[in-house]
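# Inside the fold
What follows is the residue order along each chain.
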Protein chains: 2
Amino acid sequence: MLRHIISRSFSSNSPTLKEIFRSRQLNQPVKVKGWVKTIRSMKELLFSDINDGTTGENLQLVCDKSDKSKLIFGSSIEASGMLTETPKGQLEVKVDNIKVIGDCPTENYPYVARTSYSPEYIRENLHLRSRVSSFNSMIRCRHVLSNIIHNYLFNEGFIQIHTPILTVNDCEGGGEVFMVKPDSEELIKVMRKNETDKNEEVFFDRKAFLTVSGQLHLESMAHGLTKVYTLGPTFRAENSKSAIHLSEFYMLELEESFIESLDDVIRTITKMFKTVTKEFLDKSSDEIMRINKSNKDFNIEERFNWMDKEFQVLTYDEAFKIIKNNENKFKTVVDYKEGISKEQEIFLTNYCKVPCFVIDWPKEQKSFYMRQKKDNPNIVEALDFLIPQVGEVAGGSVREDNYDRLKAKMSTDESLRWYLDLRKYGSVTTGGFGMGFDRYLQYLLNIHSIKDVIPFPRWAHNCSM
Amino acid sequence: MLRHIISRSFSSNSPTLKEIFRSRQLNQPVKVKGWVKTIRSMKELLFSDINDGTTGENLQLVCDKSDKSKLIFGSSIEASGMLTETPKGQLEVKVDNIKVIGDCPTENYPYVARTSYSPEYIRENLHLRSRVSSFNSMIRCRHVLSNIIHNYLFNEGFIQIHTPILTVNDCEGGGEVFMVKPDSEELIKVMRKNETDKNEEVFFDRKAFLTVSGQLHLESMAHGLTKVYTLGPTFRAENSKSAIHLSEFYMLELEESFIESLDDVIRTITKMFKTVTKEFLDKSSDEIMRINKSNKDFNIEERFNWMDKEFQVLTYDEAFKIIKNNENKFKTVVDYKEGISKEQEIFLTNYCKVPCFVIDWPKEQKSFYMRQKKDNPNIVEALDFLIPQVGEVAGGSVREDNYDRLKAKMSTDESLRWYLDLRKYGSVTTGGFGMGFDRYLQYLLNIHSIKDVIPFPRWAHNCSM
């Protein structure tokens, strides 16, 4: 039979615009593909910018007036011609031939040429957002940031763990969880072992939830692999429309064994945050400028002028005193027991003029798994990491490493028995943090709403596509 | 206030074993940390291997007999001493001082020294799997493979898209989906807009599911960004215990615009599969050998001897003839309308002696979104990519790019109206594939069950932690 099998040789696709800009093979014939962004008529010629989303730069086509009917805003085309350079050094294609791949009727298409739209309007058609240049800049930035973080942590010796989405634990104990069950009633019937089980207990023999944090799972891995992290989606069933909350959002969580104190966690965050931000700015400042091109107040140097400065570290008590001394500036309540509101967080970062850590929190305000301070059992070794514009972008702690103290603070829930085991068999002190990846990107790009830094935002009453 | 704030200098953590092996600073004092793997007594000395999970290599400690009580299997220790070399060039530490960080009582600890365990046994205690050397080798390999894939696609110009976990679409239409709703009855009550809505329709105004594939979302992004991919968890509510199925598994999905035919998809898969596999073998063959050390039949050269050969391409009809001619070798049914069983897939890869593509499938066996062949409307431009041991590791197709044909094949379900829009406004031909990341890793590492290539496996009646 095998002799009947065709051996294929594979011809290469035509190059993307990114490849054309990179290789700059002037005075060579070229075939380019993309979507029509602009059309300008000048004397005997038509000028059209196309883009294929692989780069933020548009490519200018110089066409004959007779091609007018083929150059429709939003349509996809293939153009052949000679790659040349304008007197100002800008690439352009002197077009011989244009082929329309897919036209773009104006009826019900949400965009028209030379018009800018609000993020809210663009968000109404999630499936067509990739036709919007500023959205595509954001997506490429999200991709670059994710790539920089993964490679930074790889080089620092951290091992990526795919922590589970489905879990029977509720890490934060907040109760704002989504529950999961098979959609098929038939399947539930077939799989049922026990008549008294609720439908949602049948598939996994118990109720399962969408993860709110991979931290506890990371801890189990850190107790054998030492340096681990995860970067993936986490979920909250919150009735919120805020500019910094989503039902499905991305979190970078990191856990490190054999640490000694909160200083180790502060050092890890500081080094990562500065190194990753610097590399991101080196690679993506063009895109940041494109995203902010209509904002005249935007100044990229000013925004990141903290890069070479030392971050501030304040105890909760110190931070609270600063807030108390400025009480009249806040709409939100100023109360030692209430913690620090978003508005107050942002005030603190402006006050310090650099990103800052708030450490040593009253234990009542933090989770059960955080370690008590040796000299003060009412304080836990926890931190919030605050940055301008978004406030808290990360929270971390040294984890309670004492079996008896941890047991006393835990609920008697059997589903977390395994977590106590980690302090029983070859226990080590671990610490780590969770950082909101989307909020970090919001800050880097100066994008107001978290809904506009993720391709498919989900929040209360909204799950399009 | 600011003058009260402490400025901290950060001392560095002690090095990981990976760093010690890499820098090899002989005859220098060193402090090492890890878990005790073995203890051997010889004359006046004790030899102990420790490991911290950052590398597959254990580090040998040479200790005094008086340290015996501190060297307990499974416990975590810190040892100080001089880093030296054995006559055979192996690193070891001549220990001055040992400190026990966390001891390891034998009571209820699932492992004892010098014993190997079945994967099923190790799986019983997911939270302690990171104490098992072969499991840690797998985790490091999973990390390396993920990193190689992301960087390969980055360099090839593909943009990573975080496709959503929560979706109102069921891409494959198989119905084997998990449904999601808030766990809190209180929240549902507060959020209810419409008395007739079911509980599961309240949070998102309609029923939401866990994604079974990000393909359709990727297509919407490819229609503006050209080259996109996603690598993340996907879900199936299947009542299966098989060695290649999980309820939560990882899929690499890729979509490319401006393609012409299935050959483009074949070329993309072939180039990626060969390049990534080669780089993985270059970086991780030591780990593969460690994982297979008790398997005397394992031959790494033989396993990957297809690397320099051309992959086979068979049409479905050609593949079926081969199967039909060998009918007596199968337990599963041989029927043109039934497709190709797992057993038959693996037979085909053995028959071809290389990974192979099966293309041009009868349309009844494939999804609605696959493009009809020009010369035969009963055949769709789809492919299965088969590799030894696991069979199908990827499936792909050219997507139907004709508005009317696609509309005729789609259900009238309003939730996919947006998908038709992609063929209306600036339509392009796209194609792509989905590859089972865990199955690929199974094949690379020669690990029998998919449950042992993922840190927290979830399947029917199993969701531990």
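Keep in mind it's a predicted model, so treat the numbers as computed, not measured.

Each helix and strand counted, chain A has 12 helices and 17 strands in total. Here chain A holds 465 residues, and 60% of them are scored as buried. Of the contacts made within chain A by residues no fewer than 6 positions apart, 66% connect residues no fewer than 24 positions apart. Summing over all exposed atoms, chain A offers an accessible surface of approximately 19500 Å²; the carbon and sulfur share of this is 47%. Distance between charge centres in chain A, computed from 64 positive and 66 negative side chains, equals 4 Å.

Taken together, the contact pairs 135 residues of chain A with 134 residues of chain B. Of the roughly 11600 Å² buried at the junction of chain A and chain B (both faces included), carbon and sulfur atoms supply 61%. With a closest N to O distance of 2.8 Å, B:Asp183 and A:Lys207 form a salt bridge. Summed over the shared surface of chain A and chain B, the result is 53 residue pairs in polar contact (both at pLDDT 80 or more). When residues in the side of chain A that touches chain B are grouped by element, the largest group, 12 residues, is from helix H3 (residues 133-155) of chain A. Along the lines of polarity and charge, the residues of the side of chain A that touches chain B split into 66 nonpolar, 40 polar and 29 charged. As paired strands, strand S8 (residues 178-182) of chain A and strand S8 (residues 178-182) of chain B are joined by five bridges and run antiparallel to one another. Along S8(B), the bridge assignment pairs A:Lys181 with B:Met179.

Relative to chain B, chain A is turned by 180° and slid 0.0 Å along the rotation axis, the superposed coordinates differing by an RMSD of 0.0 Å. Accordingly, the operation relating the two chain copies is best matched by a two-fold axis. Identified as the residue of chain A closest to the rotation axis by C-alpha distance is A:Val180, at 2.4 Å. In this assembly the copies share their binding face: 99% of the residues contributing to the interface of chain A also contribute to that of chain B.

Residues and elements named next belong to chain A. Mean pLDDT over chain A stands at 94; residues scoring 70 or higher make up 96%. Between residues 1-11, whose pLDDT stays under 50, and residues either more than four places distant or in other chains, the model counts 24 contacts. We note a pTM of 0.96 for the whole complex and an ipTM of 0.96 for its interfaces.

Scanning all chains against the criterion turns up 56 aromatic pairs over all chains. With 5.9 Å between their ring centres and 35° between their planes, A:Phe347 and A:Tyr351 make a pair best called tilted. Taken together, the residues span about one helical turn, with A:Phe347 and A:Tyr351 both in helix H9 (residues 342-352) at a distance of four residues. Pairwise contacts between aromatic rings join A:Phe273, A:Phe304, A:Trp306, A:Phe311, A:Phe357, A:Phe385, A:Tyr440 and A:Tyr443 into one cluster. Its end group placed over the ring of B:Phe158, B:Lys227 keeps NZ or CZ at 4.8 Å from the ring centre. Sitting above the plane of the B:Phe311 ring, B:Lys274 keeps its charged end 4.8 Å from the centroid.

Let us look at the pattern of salt bridges. A side chain of one charge can pair with a side chain of the opposite charge if their charged atoms are brought near each other. Residue and element names in this part refer to chain A. For the structure on display, the rule yields 54 salt bridges over all chains. A salt bridge links Glu-92 to Lys-94, with the nearest nitrogen and oxygen atoms 2.7 Å apart. A relative accessible area of 7% means that Glu-92 is categorised as buried. With its nearest N and O atoms 3.2 Å apart, the salt bridge here joins Glu-156 to Lys-271. Here Lys-271 lies in helix H6 (residues 262-291) and Glu-156 lies in the loop between H3 and strand S6 (159-160), a separation of 115 residues in the sequence.

All names here are of chain A. Considered domain by domain, chain A is made up of domain 1 (2-115) and domain 2 (133-158 + 218-452). Here the C-alpha centre of domain 2 lies 43 Å away from the C-alpha centre of domain 1. Domain 1 puts six residues into the contact, and the matching count from domain 2 is five residues. Surface buried jointly by domain 1 and domain 2 totals about 360 Å² across both partners, of which 37% is contributed by carbon and sulfur atoms. If you sort the residues of domain 1 by the area they bury against domain 2, Lys-37, Gly-53 and Gly-56 come out on top, with a joint share of 74%. Counting across the domain 1 and domain 2 interface gives zero salt bridges. Summed over the shared surface of domain 1 and domain 2, the number is one residue pair in polar contact (both at pLDDT 80 or more). Tallied by class, residues from the side of domain 1 that touches domain 2 come to no nonpolar, four polar and two charged.

What follows covers the pairing of strand S17 (residues 430-436) of chain B. Residue and element names in this part refer to chain B. Summarising burial for S17: seven of the seven residues are buried, a large majority. In S17, alternate side chains face the same way, and those of Thr-430, Gly-432, Gly-434 and Gly-436 on one face and Gly-431, Phe-433 and Met-435 on the other are all buried. The pairing of strand S11 (residues 248-257) with S17 spans seven bridges and is antiparallel. Counterpart to Ser-257 in the pairing with S17 is Thr-430. In this structure, strand S16 (residues 391-398) lies alongside S17, joined through five bridges in antiparallel fashion. Each bridged residue has a counterpart across the sheet, and for Val-398 the counterpart in S17 is Gly-431.

A few words now on the sheet that holds strand S1 (residues 29-42) of chain B. All names here are of chain B. Read around the closed barrel, the five strands follow the order S1-S2-S3-S5-S4; overall the barrel is mixed. For this sheet, the mean inter-axis angle between neighbouring strands, taken without regard to orientation, is 55°. Bridge count between strand S2 (residues 45-51) and strand S3 (residues 59-64): six bridges; the pairing is antiparallel. Note on S3: the bridge partner recorded for Ser-48 is Leu-61.

Conventions used here
- Residues numbered from 1 in each chain as written.
- Chains lettered and ligands numbered in written order.
- Predicted model: local features only at pLDDT ≥ 70, side-chain atom pairs only at ≥ 80, totals over all residues.
- Heavy atoms only, no water.
- Helix = DSSP H or I, 4+ residues; strand = E, 2+ residues; numbered from the N terminus.
- Buried < 20%, exposed > 50% of the residue type's maximum accessible area, 1.4 Å probe, protein only.
- Contact = heavy atoms within 4.5 Å.
- Areas by Shrake-Rupley, 256 points an atom, 1.4 Å probe, with all protein chains shown as cover.
- Lys, Arg positive; Asp, Glu negative; His and termini not counted.
- Charge placed at Lys NZ, Arg CZ, Asp CG, Glu CD.
- Buried area = accessible area lost by both parts, 1.4 Å probe.
- Salt bridge = Lys/Arg side-chain N within 4 Å of Asp/Glu carboxyl O.
- Polar contact = N/O pair within 3.5 Å; in protein donor to acceptor, adjacent residues only side chain to side chain.
- Nonpolar A, V, L, I, M, F, W, Y, C, P; charged D, E, K, R; others polar.
- Pairing = 2+ DSSP bridges.
- Least-squares fit on C-alpha atoms with pLDDT ≥ 70 in both.
- pLDDT = per-residue confidence, 0-100.
- Phe/Tyr/Trp six-rings, centres within 6.5 Å; stacked < 30°, edge-to-face > 60°.
- Lys NZ or Arg CZ within 6 Å of the ring centre and 35° of its normal.
- Domains from an automatic or database assignment.
- Axes fitted to C-alpha atoms, helices over the stretch in contact; angles between N-to-C directions.

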